[in-house]
Amino acid sequence: MKPVTLTIGELAARSGVAPSALRFYEERGLIHSTRTSGNRRRYERSELRRVSFIRIAQQVGVSLERIRDALTELPEGRTPTKADWTRLSARWRSELDDRIALMQRLRDTLDDCIGCGCLSLQSCRLYNPGDELAAQGSGPRKLLG
């Protein structure tokens, strides 16, 4: 019995990812297809789970390069299991925790920033007179620190 495959349009509709993004994922080795005799892409149903995995990982800020590295550790054609997801996400946990902390700092200071109207530059978390924090790195050092 031949496995049921999806066209690129069907995979796009089911995953919510544009066909152009699916082609991009495939070019980057994130997903795989086979070709018909007419050179049309066909995706195994398991690729739908991989695309979902990619979308969720991207939503939390994991780069496509890191996602690809994680997916290449899986046996060819196998979708990530719960155990795989736990193992892969454990690597990203500290990075995600750092991002969550940064987002919480931003959330907690954004009201002050918007509300102050820059009337209180002495307490502004974005203000950096004379670029005195340049030695610590680029960007809003007070907020990132």
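For the structure, see preceding data.
Residues numbered from 1 in each chain as written. Predicted model: local features only at pLDDT ≥ 70, side-chain atom pairs only at ≥ 80, totals over all residues. Heavy atoms only, no water.

Thoughts on the packing of helix α3 (residues 46–59) against helix α4 (residues 64–72)
One way to put it is that α3 packs onto α4 with a least axis distance of 10 Å and a crossing angle of 140 degrees. It follows from the interaxial angle that α3 and α4 lie oblique. Regarding α3 and α4, the two cross each other, and that crossing is right-handed. On α4, the residues that touch R50, F53, I54, A57 and Q58 of α3 are L64, I67 and L71. Across the contact of α3 with α4, the residue classes tally to 6 nonpolar, 1 polar and 1 charged. (Axes fitted to C-alpha atoms, helices over the stretch in contact; angles between N-to-C directions. Helix = DSSP H or I, 4+ residues; strand = E, 2+ residues; numbered from the N terminus. Parallel < 35°, antiparallel > 145°, perpendicular 65-115°, else oblique. Left-handed = near helix turned anticlockwise from the far one by under 90°. Contact = heavy atoms within 4.5 Å. Nonpolar A, V, L, I, M, F, W, Y, C, P; charged D, E, K, R; others polar.)

A look at the nonpolar core
Formed by 22 residues in total, the largest nonpolar core has its most connected members in L11, L22, I31 and I67. When contributions to this core are tallied by element, the ones reaching two or more residues are α1 (8–15), α2 (19–27), α3, α4 and α5 (82–116). The leading source of residues in this core is α3, at 5 residues. Beyond its immediate stretch of four places on either side in the chain, I67 contacts L30, F53, I54, A57, Q58, V62 and W92. (Core = buried A, V, L, I, M, F, W, Y, C linked by side-chain atoms within 4.5 Å. Buried < 20%, exposed > 50% of the residue type's maximum accessible area, 1.4 Å probe, protein only.)

Comments concerning the environment of R68
Turning to its location among the elements, R68 is positioned in helix α4. Given the relative accessible area of 27%, R68 is considered partly exposed. As for R68 and L30, which are separated by 38 residues in sequence, their C-alpha atoms are 5.3 Å apart. Apart from residues lying up to four places away in sequence, R68 is in contact with R28, G29 and L30.

What to know about the packing of aromatic side chains
The full count for this structure, using the stated rule, is 1 aromatic pair. Residues F53 and W92 carry aromatic rings whose centres are separated by 6.3 Å and whose planes lie at 45 degrees to one another, so their mutual orientation is tilted. With F53 in helix α3 and W92 in helix α5, this pair connects stretches of sequence that are 39 residues apart. On the accessibility criterion, W92 (3% relative accessible area) is buried. (Phe/Tyr/Trp six-rings, centres within 6.5 Å; stacked < 30°, edge-to-face > 60°.)

So, the environment of W92
Taking the C-alpha atoms as reference, W92 lies 9.9 Å from G61; in sequence the two are 31 residues apart. Apart from the residues within four sequence positions on either side, W92 is in contact with F53, A57, V62, R66, I67, A70 and W85.

Here we look at α2
Of the residues making up α2, those classed as buried are L22, Y25 and E26. The buried residues of α2 occupy one face: seen down the axis, they fall within an arc of 100 degrees. Buried-residue contacts for α2 involve α1, β3 (41–44), α3 and α4. Downstream of α2 by one or two residues, G29 has phi in the positive range, about 80 degrees. (Arc of directions from axis to C-beta.)

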